[in-house]
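Residue-level structural notes
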Amino acid sequence: MSKVSIATLIADEKVGFKTTVKGWVRTFRSNRFVAMNDGSTIKNLQCVIDFEKYSEAEIKRISTGACLSLTGEIVESQGRGQSLEMVVSELEILGDSNPDEFPIQPKKHSLEFLRENAHLRFRTNTFSAVFRIRHAVSFAIHQYFNDNGFFNIHSPIITGSDAEGAGEMFRVTALDAKKPPLTEDGAVNYKEDFFGKETNLTVSGQLEAELAAMALSKVYTFGPTFRAENSNTSRHLAEFWMIEPEVAFNDLFDNMDLAEDFLKYVINYVLENGADDLEFLENRILDEEKNMKADLRQPFALREKLKMVADQDFERVSYTDAFNILRNSKPNKKKKFDYLLDEWGADLQSEHERYLVEKHFGKPVILYDYPAKIKAFYMRMNDDGKTVAAMDILFPGIGEIVGGSQREERLENLQQKMKEFNIPEEEMWWYLDTRKFGTCKHAGFGLGFERLVLFITGMTNVRDVIPFPRTPKNAEF
Ligand code: 4AD
Ligand code: MG
């Protein structure tokens, strides 16, 4: 007997043939109607059982969470809410699920509860929708770059360098933690470690992407990155995925054009290819907001918000202009910000970024030309000698979603910068080599994958858009 996915059955709308579906019971009512879901779509297939054919003990085993194989005729549905259904002629229970123990009941569970049951939360409508969308976003990203002549580069996960210079790295070592070999002056002797030097999990694939761009012109990485920053927020993960395109001959403004076009493409792709799941997630939010005060509700429904971002030009503002807007803003003057802005050069906090995006401009914002002091060593110094050719893209409800820059391609300027940032040249000889041999203008950026999925799904915590989140004091599953 042929086995088809529920998605295919529903999309084809064909009736009058026999087939098999395999999946999990979402609900079972009146000892007759099984709502089957196989994960291929948010939609369930209603399967009708002739309960007189089965013993009470067998009927009892058809409970929420159980795994079944059902064979039967696909017919036009008599009931409302679906166009077709299966009249079951063969029922096989593949895996029982004790209803007294199965945590995912057909009722509303809190997201916190489901996070603690992340191994089972795929079985809910919300999380199956989120993870199908996550897949669509990932697919669209590869599609975009492939269509635009980029090559995917796999940058290393174990590295000896700290690309962002923030010192927030997880050490990788094979030394005995209790009795590591020591040097004469009592420090751990990493020369005896697996790689013969100190290594860590990468915080970014950018530096390696730059090396590749100096030959392949247009490249991107899409890999896991790791940051040991102790940020217990709804936007930070210790392990997250980053997309980092790097393009030879691009300047900062080409970089902005690329980022904006890319983000819009991905959002449009999901609007077109994830419509059922987006609709479900949109209704989920509207439902959540029913009991909220009007001013706490989202101003736009999910798909409307996505369309607006895909249709509008992003606002481009220099750090200096944005700083002046913020310094003169009401919340700054009335001391409503946690961090008050006074002197040019201060780093912007997420409250400032969100004010610009949500209150002042009401659309995505690209901030550029940041003070050199608050940005990484590799960014290109501008002619003013104070700012670098950096850009951050800020999204409503999220804050920073992209960080990028034009790179310092001039050897002497880079060496000078590394000195100021205390980065030993011996450690980065390979990076400096690109500036010695055929250097050229180039630029790139990093997109936080989970932040984009967060924006597109309308979820509110990054922990709910990655299957198994890694955060401070949490590495379960
Ligand atoms: O701004 P970041 O630190 O930039 C870089 O790493 C550059 N090397 C990128 C480049 O130019 N190639 O990080 C880029 C993005 C941020 O804008 C944010 O969206 C995301 O990565 N990000 C995180 N996402 C989740 N959890 C964290 N702890 C994150 N830290 C950064
Ligand atoms: Mg950043």
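The structure displayed is predicted, hence computed values, not measured ones.

Moving on: the overall build of the protein chain. When helices and strands are counted, the protein chain shows 14 helices and 16 strands. Looking at the protein chain as a whole, 48% of its 477 residues qualify as buried. Across the protein chain, the fraction of contacts at a sequence separation of at least 24, relative to all contacts at a separation of at least 6, is 67%. Charge separation in the protein chain, taken as the distance between the mean sites of 60 positive and 75 negative side-chain charges, equals 4 Å.

Looking now at the sheet that holds strand 9 (residues 199-201). Pairing is antiparallel across the open sheet formed by three strands, whose spatial order is 7-9-8. Single-partner strands in this sheet number two, and they are strand 7 (158-159) and strand 8 (171-172). When strand 7 meets strand 9, the two strands line up antiparallel, connected through two bridges. When the bridges of strand 9 are listed, I158 appears paired with L201.

Below, the discussion takes up the site of ligand 1. Lining the immediate environment of ligand 1, one finds 23 residues, of which E164, Q206, E244, E400 and I401 sit closest. At a separation of 2.7 Å, a nitrogen atom of ligand 1 approaches a polar side-chain atom of E244. Within the backbone of I401, an N or O atom sits 2.8 Å from an oxygen atom of ligand 1. In the complex, 93% of the free accessible area of ligand 1, which totals 630 Å², lies under the protein chains. The element contributing the most residues to the shell around ligand 1 is strand 15 (residues 399-406), with five residues. For the shell around ligand 1, the residue count by class is seven nonpolar, eight polar and eight charged.

This part is about the domain arrangement of the protein chain. Domain annotation of the protein chain identifies domain 1 (6-102) and domain 2 (123-168 + 203-464). Each partner contributes to the interface: domain 1 provides nine residues, whereas domain 2 provides nine residues. Buried area between domain 1 and domain 2, both sides added, is near 710 Å², and the carbon and sulfur share of it is 44%. Joining domain 1 to domain 2, the criterion identifies one salt bridge. Between D276 and K43 there is a salt bridge, and its shortest N-O distance comes to 3.5 Å. Our count for the domain 1 to domain 2 interface comes out at five residue pairs in polar contact (both at pLDDT 80 or more).

Rules used throughout
Residues numbered from 1 in each chain as written. Chains lettered and ligands numbered in written order. Predicted model: local features only at pLDDT ≥ 70, side-chain atom pairs only at ≥ 80, totals over all residues. Heavy atoms only, no water. Helix = DSSP H or I, 4+ residues; strand = E, 2+ residues; numbered from the N terminus. Buried < 20%, exposed > 50% of the residue type's maximum accessible area, 1.4 Å probe, protein only. Contact = heavy atoms within 4.5 Å. Lys, Arg positive; Asp, Glu negative; His and termini not counted. Charge placed at Lys NZ, Arg CZ, Asp CG, Glu CD. Pairing = 2+ DSSP bridges. Near = heavy atom within 4 Å. Polar contact = N/O pair within 3.5 Å; in protein donor to acceptor, adjacent residues only side chain to side chain. Areas by Shrake-Rupley, 256 points an atom, 1.4 Å probe, with all protein chains shown as cover. Nonpolar A, V, L, I, M, F, W, Y, C, P; charged D, E, K, R; others polar. Domains from an automatic or database assignment. Buried area = accessible area lost by both parts, 1.4 Å probe. Salt bridge = Lys/Arg side-chain N within 4 Å of Asp/Glu carboxyl O.

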